Amino acid sequence: MNSLNDYIFSLFSIAAVQLVAVMSPGPSFLITAQAAVARSRSDGIRIALGLGMGSLVWALAALLGLNVLFRALPILLVIAKFLGALFILWVAFQIFRHANAPLAIENDSPTEQPVRKGFLTQIANPKVAVFFGSIFVSMLPVNPPIGAIIALLVIVFLIEFVWYSVVSITFSLRTVRELYTAAKSWADRATGLFLGALGAKLLWDLGLSELLSFGS
């Protein structure tokens, strides 16, 4: 039977690994930074809220047996990765297409669209699916009490929300905003190309893995 110290150690270990994963650049970082610079700090924080909510869904899925499901039906993981790659390509296309659009500053309308965008980005991100479906699951304590589960869910949400809120605040600073305004066209194109390359690589890896599995 695990002791309280074992559960605390597991929580801190999962939090540390998740923080490292969250801090690595990817679609979530890029859409948060772009929203904070091109629109407003509040929009960036709303996206951070959506990202946190998306991670919460993945964590709940993992606790309910996501890894077992993926092992039993590997095609589900393939489908999740495929749809995620398509979504990333769509985001890349939208950013690239609007690269020459005028910069809208401080759009503080109460729309929930940024929250939805952050949530869908996190749900569709294959890296997040792999993290929660494998690493996260492998680090979970055995038969955790309800208190540990609640604490874990709170930690998962806060790590995503706080980190990307910091990203939003940083990229909404006047100096960063002015730099972005001066170089918006090529910065947006570079962001779109990076996300497009990431989506294309994910699709390529999926196709290659399918060929290898077929050949074997």
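Since the model is a prediction, treat every value here as computed from it, not as a measurement. (Residues numbered from 1 in each chain as written. Predicted model: local features only at pLDDT ≥ 70, side-chain atom pairs only at ≥ 80, totals over all residues. Heavy atoms only, no water.)

Before going further, it helps to spend a moment on the nonpolar core. Ranked by size, the top nonpolar core spans 20 residues in total, and within it V22, I47, V91, W163, Y164, V167 and L195 carry the most contacts. Looking at this core, the elements with two or more residues in it are α1 (4-23), α2 (27-38), α3 (41-63), α5 (74-97), α8 (146-171) and α10 (184-215). It is α5 that provides the largest number of residues to this core, a total of five residues. Listed in part, the 13 residues of the second largest apolar core include A62, V128, L152 and L153. (Core = buried A, V, L, I, M, F, W, Y, C linked by side-chain atoms within 4.5 Å. Buried < 20%, exposed > 50% of the residue type's maximum accessible area, 1.4 Å probe, protein only. Helix = DSSP H or I, 4+ residues; strand = E, 2+ residues; numbered from the N terminus.)

A separate point is the packing of α2 against α8. The geometry of α2 relative to α8 is characterised by a closest axis approach of 8 Å and an angle of 40 degrees between their N-to-C directions. By the criterion of interaxial angle, the relationship of α2 to α8 is oblique. Crossing hand, α2 versus α8: right-handed. In contact with S28, F29, T32, A33, A36 and V37 of α2, α8 contributes Y164, V167, S168 and F171. For the contact of α2 with α8, the class distribution of residues is seven nonpolar, three polar and no charged. (Axes fitted to C-alpha atoms, helices over the stretch in contact; angles between N-to-C directions. Parallel < 35°, antiparallel > 145°, perpendicular 65-115°, else oblique. Left-handed = near helix turned anticlockwise from the far one by under 90°. Contact = heavy atoms within 4.5 Å. Nonpolar A, V, L, I, M, F, W, Y, C, P; charged D, E, K, R; others polar.)

Below, the discussion takes up the side chain of S172. As for its position among the elements, S172 is in the loop between α8 and α9 (174-182). Relative accessible area serves as the criterion here: at 7%, S172 is assigned to the buried category. If sequence neighbours within four positions are ignored, S172 has contacts with A36, R41 and R177.

Mean pLDDT for the chain: 76, with 77% of residues reaching 70 or above. By mean pLDDT, helix α4 (residues 66-72) is the weakest element of the chain at 68, and α8 is the strongest at 90. Note on residues 105-111: pLDDT under 50 across the span, and 16 contacts to partners over four residues away in sequence or across chains. (pLDDT = per-residue confidence, 0-100.)

Attention now moves to the pattern of salt bridges. The tally for this structure, following the rule as stated, stands at one salt bridge. The partner of R46 in a salt bridge is D43, and the shortest N-O contact between them spans 2.7 Å. With R46 and D43 both in helix α3 and three residues apart, this pair spans about one turn of that helix. By relative accessible area, D43 is classed as buried at 1%. (Salt bridge = Lys/Arg side-chain N within 4 Å of Asp/Glu carboxyl O.)

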